[in-house]
Amino acid sequence: EFEEVLLPKLLGWFGSQDKSLRGCLLENLGQFIQHTSDETISKTVFPAVRNNFADPEPKIRAVSVKSVPLVISKLSERQLDELAQAMTKLLGDRVPALRVNTMICLGMVLSKFSAQTQSRVLLPAFVRGLRDPFVPCRVKALEGIAVAAEAHDPKACAANVLPSVAPLCCDGDNSVRQAALSCCRALLSLEASPPRNASMVLAL
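Residues numbered from 1 in each chain as written. Predicted model: local features only at pLDDT ≥ 70, side-chain atom pairs only at ≥ 80, totals over all residues. Heavy atoms only, no water.

Quick question: what am I supposed to make of the overall build of the protein here?
Counting its regular elements, the protein contains 12 helices and 0 strands. Ordered by position in the sequence, the α and β elements of the protein form the string α-α-α-α-α-α-α-α-α-α-α-α. Overall, the C-alpha framework of the protein stretches about 70 × 50 × 20 Å when taken along its three principal axes. Accessible surface computed for the protein: about 11,000 Å², of which carbon and sulfur atoms make up 55%. For the protein, the centre of its 23 positive side-chain charges and the centre of its 20 negative side-chain charges are spaced 6 Å apart. (Helix = DSSP H or I, 4+ residues; strand = E, 2+ residues; numbered from the N terminus. Areas by Shrake-Rupley, 256 points an atom, 1.4 Å probe, with all protein chains shown as cover. Lys, Arg positive; Asp, Glu negative; His and termini not counted. Charge placed at Lys NZ, Arg CZ, Asp CG, Glu CD.)

Printed below as a string of structure tokens:
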């Protein structure tokens, strides 16, 4: 009865102009997402979540971010790329708390993205977050870099990422300094994979 009677009505409300209704749906997404097929999540729920990232109301943007872990495992590669692009835009949001929550959410779901998306989209976004004036944002950006860098080329990290992280070891806030030191250790522990023709070189 829920799937036949209530679910279609709930899904239809995602297109409502009533912000309080959309916000309520997103806040309670966990209550009915298990009754929703993967196809419906991909075609109906995800577009609503993505569109609400750009809503003028900060609360709507915030609950949209919190709903990402509930839907991300049902998305296609193309949708995951769209999601990464949309979420990185939120890292420039005018609301500091929303920027932090977006960083935290990205850290939670980072493994769901391909190595290419992590390297091409998310890692540069975390690096930009190092310049955020809000202390918790810088901390979460450093934590995100430490994880995302694992999918990145170590030499590229040394050339493009480490120089941005190192100055934060002298940040005015102790929590940022500690996070920066941990991030530097993680970057320095990365090992370059051997070249594919290593055996050929040795033979020569």
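I'm lost on the side chain of Asp132 in this one. Help?
Structurally, Asp132 can be placed in the loop between helix H8 (115-129) and helix H9 (135-148). Relative accessible area serves as the criterion here: at 8%, Asp132 is assigned to the buried category. Of note is the side chain of Asp132, whose polar atom sits 2.8 Å from the backbone nitrogen of Phe134. Dropping the residues within four chain positions of it, Asp132 is found in contact with Leu91, Arg99, Cys137 and Arg138. (Buried < 20%, exposed > 50% of the residue type's maximum accessible area, 1.4 Å probe, protein only. Polar contact = N/O pair within 3.5 Å; in protein donor to acceptor, adjacent residues only side chain to side chain. Contact = heavy atoms within 4.5 Å.)

So what exactly am I meant to see when it comes to the environment of Ile72 here?
Following the sequence through the fold, Ile72 ends up in the loop between helix H5 (58-71) and helix H6 (77-90). Here the alpha-carbon distance between Ile72 and Arg128, two residues 56 residues apart in the chain, equals 24 Å. Leaving out residues up to four positions away in the same chain, Ile72 has contacts with Leu80, Leu83, Val109, Lys112 and Phe113.

Just checking my understanding: could you explain H5 for this structure?
Since the α-helix advances by 3.6 residues per turn, residues separated by three or four positions end up pointing in the same direction. With 14 residues, H5 should cover 20 Å at 1.5 Å per step; its first-to-last C-alpha distance of 21 Å lies within 8% of that length. For H5, the full list of buried residues reads Ile60, Arg61, Ala62, Val63, Ser64, Val65, Ser67, Val68 and Val71. For H5, the secondary structure elements touched by its buried residues are helix H2 (19-27), helix H3 (29-32), helix H4 (38-52), H6 and helix H7 (96-109). (Expected span 1.5 Å × (residues − 1).)

So what exactly am I meant to see when it comes to the environment of Glu3 here?
Relative to the elements of secondary structure, Glu3 occurs in helix H1 (residues 2-13). Judged by its relative accessible area of 54%, Glu3 falls in the exposed class. Separated by 33 residues in sequence, Glu3 and Thr36 have C-alpha atoms that sit 7.7 Å apart. Beyond its immediate stretch of four places on either side in the chain, Glu3 contacts Pro8 and His35.

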